[in-house]
Amino acid sequence: MPTITADQLLRLLGRYVDQTGATVDLLLVGALALQVYGYPDRATQDIDAEVSGPIDLLLQFLTAQHIPADLTQNFSGWSVVAMPPGYRERATDLIHRPNLRVRLLSPVDFIIAKLRRGTDLDCEDALLVAHRFAVSSAVIQDAAAAAIAASPQDTALFVFRKTVDRFCSMLHRPPD
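Everything numeric in this text was worked out from a predicted model, so none of it was measured. (Residues numbered from 1 in each chain as written. Predicted model: local features only at pLDDT ≥ 70, side-chain atom pairs only at ≥ 80, totals over all residues. Heavy atoms only, no water.)

1. Here we look at the packing of helix H5 (residues 107-117) against helix H8 (residues 156-171)
Viewed as axis vectors pointing N to C, H5 and H8 meet at an angle of 120 degrees, and their least axial separation amounts to 9 Å. Classified by the angle between their axes, H5 and H8 sit oblique to one another. Handedness of the crossing formed by H5 with H8: right-handed. Of H8, the residues touching H5 (which contributes Ile111, Ile112, Leu115 and Arg116) are Phe160, Thr163, Val164 and Phe167. The residue makeup of the contact of H5 with H8, split by class, is 6 nonpolar, 1 polar and 1 charged. (Axes fitted to C-alpha atoms, helices over the stretch in contact; angles between N-to-C directions. Helix = DSSP H or I, 4+ residues; strand = E, 2+ residues; numbered from the N terminus. Parallel < 35°, antiparallel > 145°, perpendicular 65-115°, else oblique. Left-handed = near helix turned anticlockwise from the far one by under 90°. Contact = heavy atoms within 4.5 Å. Nonpolar A, V, L, I, M, F, W, Y, C, P; charged D, E, K, R; others polar.)

Below, the structure written as structure tokens:
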């Protein structure tokens, strides 16, 4: 399966908006965001994003372009562990033009998003962003606490806490 880059996605979304007249407001939450953060070699084969508004036509368009996409209107709901409140407001614009807005999670919110899943690759991605943007373990712990407070009480929170603690201990090691 071919990989996709953030630049390719922006061109595709521009074409989609031009062809359909639709409005797209998309928040990148996966590996494409990592590319924009300054790691262009981070390959991905799909788009992970939160979309404001209808998803179906955009998903059909991307599918016709052979681009797999995991789109949602509520990224926080992808895990029992919620995103820290305000993550949408902290997102920064990558592109903002008529009918097309593409945003990125703030670095700390990206880290929390990755730690919610907690795979080895997710932790590696989170470490890259933490080091690049000098996100401290105290800031990560505060964001994790906000995410936990916004989450339903569940045993998944225990695992998330352990993942955050392990991650913060890894922050003190120099990057590879």
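2. A word on the pattern of salt bridges
A side chain of one charge can pair with a side chain of the opposite charge when the charged atoms of the two come close. Taken as a whole and judged by the stated rule, the model has 10 salt bridges. In this structure, Asp125 and Lys114 form a salt bridge, with 3.1 Å as the shortest nitrogen-oxygen distance. Pair noted here: Asp125 is in helix H6 (residues 120-132) and Lys114 is in helix H5, with a separation of 11 residues, a long-range link. For the pair Asp125 and Lys114, a shared accessibility class is recorded, and that class is buried. The closest approach of N and O atoms between Asp122 and Arg117, which form a salt bridge, is 2.8 Å. What makes Asp122 buried here is its relative accessible area of 4%. (Salt bridge = Lys/Arg side-chain N within 4 Å of Asp/Glu carboxyl O. Buried < 20%, exposed > 50% of the residue type's maximum accessible area, 1.4 Å probe, protein only.)

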